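So you can see what is in the structure, the chains are spelled out below.
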Amino acid sequence: MENSTDIVSFVLAAYGNIGELKYLYFSIMLLWYFSICLTNTILIIVIYVDKRLHEPMYILLCNLFVNEIGGSTSLYPLMLSQMFSDTHEVTLPWCFLQMCCIYTSASVEFCSLAAMAYDRYVAICDPLHYSVIMSTGRVGMIILLVWMYSFLNFIFSFSFVVRLKFCGNVIDKVFCDQHLIIKLACSVSVLNEISDLLFAFVTMVIPVSLISVSYMKILAVCLNTSKENRQKAVSTCTPQIVSVSNLFVGCLFHCVDSRFDVAHVPDKVRIILSVYLLICQPVVTPFMYGFNLPKIRQSWKRFMFDKK
C-alpha cells in the first residue's frame, strides 16, 4: 500500500503534450460548444415564444434542451482551459463539481426520456384523458422529480467517494471520472468499488425499463389502429428511440474506457470515445427534435424567417 498524502488536486493525464495542435483543438472544441449552446438555446426560445408549443411534450423537450446545455457546460469550459495548461491539474473541489454536473446531467437525460416516453404513452393509449393526466402542473412536478431523482442519485453515489484518502492523483482521462478516482484511493471497500455501478443501474436500468414498457404498450395499440395513426406515432417516437440508443452507445464507451484495459486503442480515438456522449448527444437532440417534429420545424421557420 502506498503512503497516504494530502492530495489537493488531480492531474488529467489524457491531455498529454499536444504541442501546437492545441490551437486547432481549442478552436474545434470552442466552435462545437458554441454550436451546442446556440442550437439548444434557439429551440428553448422557440418553445417559450410560441404558445402553440406550450404542450406537455414540448415542455419536456425544453427541459431536455436545458440539460444538453448544462451537461456540455460541465465538460467544455474545463476542457478548453486545459488545452493551454502545462500541468493539466484540477483541484479536488472543481473535480468533484464537474463529476456532479456530468453524472447528474446523464441521469437527467435518461429520466427525461422516460418522462417523454410516458407522455407519448398517455397521448397514444389514453388520448381522452391526456389533458387531465398531463396537466401543466403535473408536467412541472415530473420535471422537478427528474432533477431531484438525478441529483440525489449522484449524492448517494458520491458519498462513497468523498471520504476516501488518496494515494495517487493521476487520472488518465480528460475529465474527472468516478471509477478512476476510486482506483486512486489507498484502500477501497466493495461498496466503494461498485458505487459507480449502482449509480449506472439507477441512472440507466430503471428509466430504460419504464421507456421499454411505455413503447411496448404503444406498439400494442398501434398494431390495432389505422395506418395514418401508426405513422403519426412512429414520427413522434422515433427521435426518442434514437436518443436512448445514442445514450446507450455513449455510456458503453465510457464504461469500457474506465473499467477495461484499452491500451491497444489509439489515445486520440480512446479520448473521443470516452466523451462521445457529451460530443454527440447535445447535438443529436436539438437536430432530431428541431428538424424532425413538424410543429417545432414550422415554428422555428416562423421564428427565424418571418419578418412580420
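Sequence order sets the numbering: in each chain, residues are counted from 1 along the sequence as written. Two thresholds apply to this predicted model, a pLDDT of at least 70 for residue-level local features and 80 or more for giving and counting side-chain atom pairs, whereas whole-chain, interface and lining totals are computed over all residues. Just so you know, side-chain values use all the structure's heavy atoms and leave hydrogens and water out.

Enquirer: How do you make sense of the overall build of the protein chain when you look at a structure like this?
Expert: What counts as a helix is a DSSP run of H or I of at least four residues, what counts as a strand is a run of E of at least two, and both are numbered from the N terminus. Counting its regular elements, the protein chain contains 11 helices and three strands. Scanning the protein chain from its N terminus toward the C terminus, one meets helices and strands in the order β-α-α-β-α-α-α-β-α-α-α-α-α-α. Against the compact-globule benchmark of 19 Å for 308 residues, the protein chain has a radius of gyration of 21 Å, which places it among compact chains. Along the first, second and third principal axes, the C-alpha set of the protein chain runs to 70 × 45 × 35 Å. Of all intrachain contacts in the protein chain linking residues separated by at least 6 positions in sequence, the fraction that spans at least 24 positions is 80%. For accessible areas, the Shrake-Rupley method is used with a probe of radius 1.4 Å. Any residue's cover is judged against the shown protein chains and nothing else. A total accessible area of about 16,000 Å² is found for the protein chain, and carbon and sulfur atoms account for 70% of it. Here the globule rule reads 2.2 Å times residues to the power 0.38, and the radius of gyration is calculated from C-alpha atoms. Any two residues whose heavy atoms approach within 4.5 Å at even a single point are treated as in contact.

Enquirer: Explanation requested: the state of the cysteines in the structure shown.
Expert: Formally, a disulfide is one covalent bond, and it connects the sulfur atom of one cysteine to the sulfur atom of another. Any two cysteine sulfur atoms within 2.5 Å of one another count as a disulfide. Within this structure, the stated rule accounts for two disulfides. Disulfide pairing places Cys95 opposite Cys176 at an S-S distance of 1.9 Å. Between Cys95 and Cys176, the disulfide has an S-S torsion of -130° and is therefore left-handed. Remark: Cys176 occurs in the loop between strand E3 (170-171) and helix H6 (178-183) and Cys95 occurs in helix H3 (residues 92-125); sequence separation between them is 81 residues. Throughout this description, buried means an accessible area under 20% of the type-specific maximum (1.4 Å probe, protein chains only), exposed means over 50%, and partly exposed covers the range between. Of the residues examined, Cys95 reaches a relative accessible area of 0% and is grouped as buried.

Enquirer: Just to check I follow, could you spell out the pattern of salt bridges for this structure?
Expert: A side chain with one charge can pair with a side chain of the opposite charge if their charged atoms come near. For salt bridges, the criterion is a side-chain nitrogen of Lys or Arg within 4 Å of an Asp or Glu carboxyl oxygen. Tallied over the full model, the rule gives five salt bridges. Across the pair Arg52 and Asp50 runs a salt bridge whose closest N-O atoms are separated by 3.1 Å. Owing to a relative accessible area of 9%, Asp50 belongs among the buried residues under this scheme. The salt bridge involving Asp50 is made with Arg302; its shortest N-O contact spans 3.0 Å. In this pair, Asp50 sits in the loop between helix H1 (21-49) and helix H2 (56-82) while Arg302 sits in helix H11 (residues 294-305), placing the two residues 252 residues apart along the sequence. The structure contains a network of salt bridges with shared partners spanning Asp50, Arg52 and Arg302.

Enquirer: Looking at this model, I keep getting lost on the confidence of the model for the protein chain. Mind explaining?
Expert: Detailed reading of the predicted model is not advised wherever pLDDT is low. One confidence number per residue, pLDDT, is output by the predictor and ranges from 0 to 100. On average, residues of the protein chain score 85 in pLDDT, and 95% of them reach the 70 mark or higher. Summarising per-element confidence for the protein chain, the mean pLDDT is lowest in helix H8 (residues 227-259) (76) and highest in helix H5 (residues 136-158) (94).

Enquirer: Please clarify how unusual backbone geometry should be interpreted in this entry.
Expert: Notably, His88 is not glycine yet its phi reads approximately 55°, a positive angle. With respect to the helices, strands and loops of the structure, His88 is situated in the loop between H2 and strand E2 (89-91). Judged by its relative accessible area of 9%, His88 falls in the buried class.

Enquirer: Is there a simple way to think about the packing of aromatic side chains in this case?
Expert: Centre-to-centre distance and the angle between the planes together describe a pair of aromatic rings. Classification of ring pairs uses Phe, Tyr and Trp, with its six-membered ring standing for Trp, and accepts pairs whose centres are within 6.5 Å; under 30 degrees between planes counts as stacked, over 60 as edge-to-face, and the remaining range as tilted. A full pass over the atoms with the stated rule returns 12 aromatic pairs. With centroids separated by 5.1 Å and ring planes inclined at 70°, the aromatic side chains of Phe96 and Phe158 adopt a geometry described as edge-to-face. Of this pair, Phe96 sits in helix H3 while Phe158 sits in helix H5, placing them 62 residues apart in sequence. By relative accessible area, Phe96 is classed as buried at 14%. With relative accessibility at 15%, the residue Phe158 sits in the buried group. Three or more aromatic residues joined by ring pairs form one cluster here, namely Phe96, Tyr103, Phe154, Phe158 and Phe199.

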